[in-house]
Amino acid sequence: MQERPLVMITGATSGIGLACAKAFAAKGYDLLLIARREQRLQQLGKELQGQHSIEVTTLTVDLRQRQRLQELAHNHQPLLTKTAVLINNAGLARGLAPLHGGDVDDWEEMVDTNIKGLLYITRLVLPHMVEKNAGHIINIGSIAGRRVYPGGAVYCGTKFAVSGITEALRMDLHGTAVRVSTIDPGLVETEFSLVRFHGDTASAKKVYQNTRPLRGEDVAEAVLWTAERPKHVNVQEILIMPTDQAAPTMVHRHRSG
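Residues numbered from 1 in each chain as written. Predicted model: local features only at pLDDT ≥ 70, side-chain atom pairs only at ≥ 80, totals over all residues. Heavy atoms only, no water.

### With respect to the overall build of the protein chain
- In terms of regular secondary structure, the protein chain is built from 9 helices and 9 strands.
- At 18 Å, the protein chain has a C-alpha radius of gyration in line with the 18 Å of a compact globule built from 257 residues.
- Judged by the C-alpha coordinates and their principal axes, the protein chain covers about 55 × 35 × 35 Å.
- Residues counted as buried form 46% of the 257 residues belonging to the protein chain.
- Partitioning the contacts of the protein chain with sequence separation of at least 6, the portion at a separation of at least 24 is 72%. (Helix = DSSP H or I, 4+ residues; strand = E, 2+ residues; numbered from the N terminus. Rg over C-alpha atoms; globule rule 2.2 N^0.38 Å. Buried < 20%, exposed > 50% of the residue type's maximum accessible area, 1.4 Å probe, protein only. Contact = heavy atoms within 4.5 Å.)

What follows is the structure in structure tokens.
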């Protein structure tokens, strides 16, 4: 019997990561799910495994913890070797203050998660893909990695970094069969804004008020489609926006009521 491909997803317990986990599970892929919230993660793993008769492994870790990641990699080496698709989804924004009023702790959390965390996990998985001459790295970027907006200097900077890393990685892998893609969403209604505003529900709701943002499932469909192209096809970039959004700061608001 042919071995099922294994898909690794970071930030798997909410938003785009959760939608990706469900989408790939429904298509019969085995999963390696990584996230920080252990209870949510374990429950998700049990649900997907029961619903779709697939193998689901869950690893609770913060991607900023390089030493912990290395320990997990050592203990789960066969899973890293088996990984066919890595979806680098974990990431966050903190605050909307101008740079001169920004919180340095917020900056460090964004840089350490969005850039360094992505690099750490990719470094653990990629050598096995190169050795097998097969595999796919799919980075979840953002419109913020293409266009900046006020108050977003550091977050946008991290997403511009993801864009640059993705392009350079594709060059590093030139001549191999390992594919590299980026999916860049616009406004998506997830826990993103709640995290950005440190749990301020009212501020988070205003981001999506009177408009129709993307859903996590919309982005997951694009990720799944990208991963399932024929092996000679590499979808390098997808920019996916809600119809109501023309640019980061241009969101059409419908009349309420």
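### A look at the environment of Val 235
- Its location among the elements puts Val 235 in the loop between helix H9 (216–227) and strand S7 (237–240).
- Remark: the alpha-carbon pair of Val 235 and Arg 179, spanning 56 residues in sequence, is separated by 8.4 Å.
- Excluding residues within four positions of it along the chain, Val 235 makes contact with Val 180, Ser 181, Trp 225, Thr 226 and Arg 229.

### Here's the deal with the packing of aromatic side chains
- Across all of its chains, the model carries 2 aromatic pairs by this definition.
- The side chain of Arg 196 reaches across the aromatic face of Tyr 155, ending 5.4 Å from its centre. (Phe/Tyr/Trp six-rings, centres within 6.5 Å; stacked < 30°, edge-to-face > 60°. Lys NZ or Arg CZ within 6 Å of the ring centre and 35° of its normal.)

### Things to note about the side chain of Thr 158
- With respect to the secondary-structure elements, Thr 158 resides in helix H6 (residues 153–172).
- Here Asn 114 takes part through its side chain, which lies 3.1 Å from a polar atom of the side chain of Thr 158.
- When neighbours within four sequence positions are excluded, Thr 158 is seen to be in contact with Met 110, Val 111, Asn 114 and Ile 115. (Polar contact = N/O pair within 3.5 Å; in protein donor to acceptor, adjacent residues only side chain to side chain.)

### Brief notes about unusual backbone geometry
- Residues other than glycine seldom take positive phi values, yet Ser 53 does so here, at roughly 55°.
- In this structure, Ser 53 sits in the loop between helix H2 (38–52) and strand S3 (56–60).
- With relative accessibility at 59%, the residue Ser 53 sits in the exposed group.
- One non-glycine residue with positive phi stands out, namely Asn 210, at about 60°.
- Its place among the elements puts Asn 210 in the loop between helix H8 (201–208) and H9.
- A relative accessible area of 34% places Asn 210 in the partly exposed class.

### So, the pairing of strand S1 (residues 6–10)
- Within S1, 5 of the 5 residues are buried, leaving the element largely enclosed by the surrounding structure.
- Residues Leu 6, Met 8 and Thr 10 of S1 are buried on one face, and the alternating residues Val 7 and Ile 9, pointing to the opposite face, are buried as well.
- Bridge count between S1 and strand S2 (residues 30–35): 5 bridges; the pairing is parallel. By the bridge assignment for S2, Ile 9 is matched with Leu 33.
- Once you follow S1 into helix H1 (residues 15–26) and on to S2, the crossover reads as right-handed.
- Judged from the 4 bridges that link them, S1 and strand S4 (residues 83–88) form a sheet pairing that is parallel. If you follow Met 8 over to S4, its bridge partner there is Leu 86. (Pairing = 2+ DSSP bridges. Right-handed = clockwise from strand over helix to strand, strands pointing away.)

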